[in-house]
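# Overview (structure and organization)
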Amino acid sequence: MRVCFTLRVRPDRLDEYRARHREVWPEMRAALNEAGWRNYSLFLAEDGLLIGYLECDDFDAALAEMARTEVNARWQAEMAEFFVGDGNADERMRPLDEVFHLD
């Protein structure tokens, strides 16, 4: 399945958010792969709108698998301050409805 979601990055943290994602920890990348996250991309607008896209077999299962990993707990703790709102980003990801797809 294809999944697209949005989050909001604090406008005063955009540059650092980009920098952190240029150097995602190897163990975090491995955990995402092992949890079934494929073709995962993040896109960031200048106003802080973050759009995520990934492919997986089951989004709820992929989120749950990541929630069980120690590396994701560390990553989420470090990244929480970048986002508008409370809680970690993984808990606020809600898929958007796909209204069109062209193969």
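About the criteria used
Residues numbered from 1 in each chain as written. Predicted model: local features only at pLDDT ≥ 70, side-chain atom pairs only at ≥ 80, totals over all residues. Heavy atoms only, no water. Helix = DSSP H or I, 4+ residues; strand = E, 2+ residues; numbered from the N terminus. Axes fitted to C-alpha atoms, helices over the stretch in contact; angles between N-to-C directions. Parallel < 35°, antiparallel > 145°, perpendicular 65-115°, else oblique. Left-handed = near helix turned anticlockwise from the far one by under 90°. Contact = heavy atoms within 4.5 Å. Buried < 20%, exposed > 50% of the residue type's maximum accessible area, 1.4 Å probe, protein only. Arc of directions from axis to C-beta. Core = buried A, V, L, I, M, F, W, Y, C linked by side-chain atoms within 4.5 Å. Pairing = 2+ DSSP bridges.

Per an unreviewed UniProt entry, the recorded name for the protein is L-rhamnose mutarotase, and the organism is Lentzea alba.

### A closer look at the environment of R10
Here R10 lies in the loop between β1 (2-8) and α1 (14-22). Through-space distance from the C-alpha of R10 to that of R68 is 27 Å; in sequence the pair is 58 residues apart.

### Comments concerning the packing of α1 against helix α4 (residues 70-79)
Where α1 contacts α4, the axes come no closer than 12 Å and their chain directions differ by 160 degrees. Judged by the angle between their axes, α1 and α4 are roughly antiparallel. Here α1 runs over α4; the crossing is right-handed. Here Y17, R20 and H21 of α1 come into contact with α4, specifically with W75, E78 and M79.

### Focus on α4
Restricting attention to buried positions, one finds in α4 the residues V71, N72, W75, Q76 and M79. The buried side chains of α4 occupy one side of the element, clustering within an arc of 130 degrees when seen end-on. Exposed positions of α4 whose direction lies more than 90 degrees from the buried face are E70 and A77. Looking at the buried side of α4, the elements it contacts are α1, α2 (26-34), α3 (59-67) and α5 (89-92).

### Quick look at the nonpolar core
The tendency in soluble globular proteins is for nonpolar side chains to be buried side by side. Within the largest apolar cluster, 27 residues are counted, with the highest numbers of intra-cluster contacts made by M28, W37, F59 and F83. Breaking this core down by element, the ones donating at least two residues are β1, α1, α2, β3 (49-55), α3 and α4. Looking at which element gives the most residues to this core, the answer is α3, with four residues. With sequence-adjacent residues up to four places away left out, F59 is seen in contact with M1, V3, W37, L54, M93 and P95.

### Comments concerning the sheet that holds strand β2 (residues 38-44)
Strand order across the open sheet formed by three strands is β1-β3-β2, with antiparallel pairing between neighbours. Single-partner strands in this sheet number two, and they are β1 and β2. Going across the sheet, the axis of each strand differs from the next one's by a mean of 15 degrees, ignoring polarity. Examined bridge by bridge, β2 and β3 share five bridges and lie antiparallel to one another. If you follow F43 over to β3, its bridge partner there is I51. Contacts from α1 reach β2 and β3, with the element oriented near 160 degrees to β2.

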